[in-house]
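What follows is each chain in one-letter form.
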Amino acid sequence: MWIADQWNDYEVIDCSAGEKLERWGDYLLVRPDPQVIWNTPKKEKGWKKMNGHYHRSSRGGGEWEFFDLPQQWSIGYKSLTFNLKPFSFKHTGLFPEQAANWDWFSDKIRRANRPISVLNLFAYTGGATLAAAAAGASVCHVDASKGMVTWAKENAVSSGLGDAPIRWIVDDCVKFVEREIRRGHHYDGIIMDPPSYGRGPKGEIWKIEESIYPFVQLASQLLSDQPLFFLINSYTTGLAPSVLSYMISTEVVKHHGGHVKADELGLPVSSNGLVLPCGASGRWEAD
């Protein structure tokens, strides 16, 4: 398991009965987590003194309940700063477990000793984009949501990367990749974080089980002659790490060599020293 254990401003304090107690900077949140199927005693005082609690509805979705929580606040990871705000379906605008991947590809970018271009697809609020840019890469950030791209730009400014070489693109990721292929553009690193289900700006439907392999086939055509890495993240139950490994091996290794590793991502739980699983990633890197 790849564990994001370098945070100072974030921690999973405890988890029980379908929920996790987290510290985001100065604030405590309780949010649902489908992986937390155990029911252990909630002894940590934060369970009763949280600043925000997302209650899941039996009819689907849910709503926030707030206790002295600002509309927006910030936390840092190494040189990066992220602006957070609770919004629909329990999210805050950041997936802290992804820091394990940020550190992995940032090290590869720094060690490359050459200009590196990175394509970040389904790029959300820009965690991976900013990590790659801070490591010295030029980045193309693509997301179908204008609001998310605006949020990512704000994070870039807060991180001192407002003038970094980042292209901000609001577009359907599949259509953007198809156009980049026609344009003859290439990238040394590709990151994708596809949703389980989604709609593009013009109603394009994305279902990961049907769409992910054809998309990997497409996106792999954008790798340069000296590619550095290819990263897929998945939060979809049923897509095991080995599935990601198989797809990447089929489409990337056969053309570029190198090797693939896939594993779960995890966050340490401070109250008991255990690790909470948080999705999976598949990583390809050149030899």
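Residues numbered from 1 in each chain as written. Predicted model: local features only at pLDDT ≥ 70, side-chain atom pairs only at ≥ 80, totals over all residues. Heavy atoms only, no water.

Here we come to the packing of aromatic side chains. A full pass over the atoms with the stated rule returns 15 aromatic pairs. Relative to Tyr77, the ring of Trp7 has its centre 4.6 Å away and its plane inclined at 50 degrees; by these criteria the two rings are tilted. In this pair, Trp7 is assigned in the loop between strand E1 (2-3) and strand E2 (10-16) and Tyr77 in strand E7 (residues 73-77), connecting sequence segments 70 residues apart. Given the relative accessible area of 10%, Trp7 is considered buried. (Phe/Tyr/Trp six-rings, centres within 6.5 Å; stacked < 30°, edge-to-face > 60°. Helix = DSSP H or I, 4+ residues; strand = E, 2+ residues; numbered from the N terminus. Buried < 20%, exposed > 50% of the residue type's maximum accessible area, 1.4 Å probe, protein only.)

Here we come to the domain arrangement of the chain. Here the chain is partitioned into domain 1 (2-84) and domain 2 (96-285). Taking the mean C-alpha position of each, domain 1 and domain 2 sit 24 Å from one another. Each partner contributes to the roughly 2400 Å² buried at the junction of domain 1 and domain 2, and carbon and sulfur atoms together form 62% of this total. Taken as a group, Trp2, Leu80 and Asn83 account for 32% of the area that domain 1 buries against domain 2, more than any other trio of residues on that side. Counting across the domain 1 and domain 2 interface gives one salt bridge. Across the pair Asp103 and Lys78 runs a salt bridge whose closest N-O atoms are separated by 3.2 Å. Mapped by element, the contributors of at least two residues to the side of domain 1 that touches domain 2 are E1, E2, strand E3 (19-24) and strand E8 (80-84). Considering only residue class, the side of domain 1 that touches domain 2 consists of 15 nonpolar, five polar and seven charged. (Domains from an automatic or database assignment. Buried area = accessible area lost by both parts, 1.4 Å probe. Salt bridge = Lys/Arg side-chain N within 4 Å of Asp/Glu carboxyl O. Nonpolar A, V, L, I, M, F, W, Y, C, P; charged D, E, K, R; others polar.)

This brings us to helix H2 (residues 127-134). Among the eight residues in H2, seven count as buried, and that is most of the element. Among all positions of H2, only Gly127, Ala128, Thr129, Leu130, Ala131, Ala132 and Ala133 are buried. Count one or two residues on from H2 and you reach Gly136, which has phi positive near 115 degrees.

Across a sheet, strands are paired by hydrogen bonds formed along the backbone, either parallel or antiparallel in direction. Read across the open sheet, the eight strands follow the order E1-E16-E17-E15-E12-E9-E10-E11; overall the sheet is mixed. This sheet does not close on itself; its edge strands, each paired only once, are E1 and strand E11 (166-170). Inspection of the sheet shows strand E15 (residues 229-234) paired to strand E17 (residues 275-285) by six bridges, in the antiparallel sense. The residue bridging Phe229 from the neighbouring strand is Glu285, located in E17. Contacts from helix H4 (residues 173-183) reach strand E9 (117-121), strand E10 (138-143) and E11 within the one sheet, and its direction differs from that of E9 by about 150 degrees. (Pairing = 2+ DSSP bridges. Contact = heavy atoms within 4.5 Å. Axes fitted to C-alpha atoms, helices over the stretch in contact; angles between N-to-C directions.)

Time to look at the state of the cysteines. In this structure the tally under the stated criterion is zero disulfides. Take Cys15: it sits in no disulfide, and the sulfur closest to it among the cysteines is that of Cys278, at 8.9 Å. With no disulfide of its own, Cys140 has Cys173 as its nearest cysteine by sulfur position, at a separation of 9.5 Å. On the accessibility criterion, Cys140 (1% relative accessible area) is buried. (Disulfide = S-S within 2.5 Å.)

Take the nonpolar core next. In this structure, Trp7, Phe82, Trp102, Phe105, Ile109 and Val118 are the most contacted members of the largest nonpolar core, which totals 48 residues. Elements with a minimum of two residues in this core: E2, E7, E8, helix H1 (99-112), H2, E15, strand E16 (259-268) and E17. Per-element tally for this core: the top contributor is H1, with six residues. Beyond its immediate stretch of four places on either side in the chain, Phe82 contacts Trp7, Trp73, Ser74, Ile75, Tyr77, Leu94, Trp102, Gly127, Leu130 and Asn155. Ranked by size, the runner-up nonpolar core spans 30 residues in total, among them Ala219, Leu222, Leu244 and Ile248. (Core = buried A, V, L, I, M, F, W, Y, C linked by side-chain atoms within 4.5 Å.)

Moving on, we get to empty space enclosed by the protein. Scanning the model with the defined rule gives one cavity of 30 Å³ or more in all. A volume near 170 Å³ is recorded for the largest cavity. Along its surface, the largest cavity is lined by 16 residues, and Gln98, Trp102, Gly127, Ala128 and Asp193 are the ones closest to its centre. Partitioned by chemical class, the residues of the lining of the largest cavity number eight nonpolar, seven polar and one charged. (1 Å grid on protein atoms, 1.4 Å probe; cavity = no way out; pocket = protein on both sides within 12 Å on 5 of 7 lines; lining within 4 Å. Points joined across faces, edges and corners; volume = space filled by probe spheres on them.)

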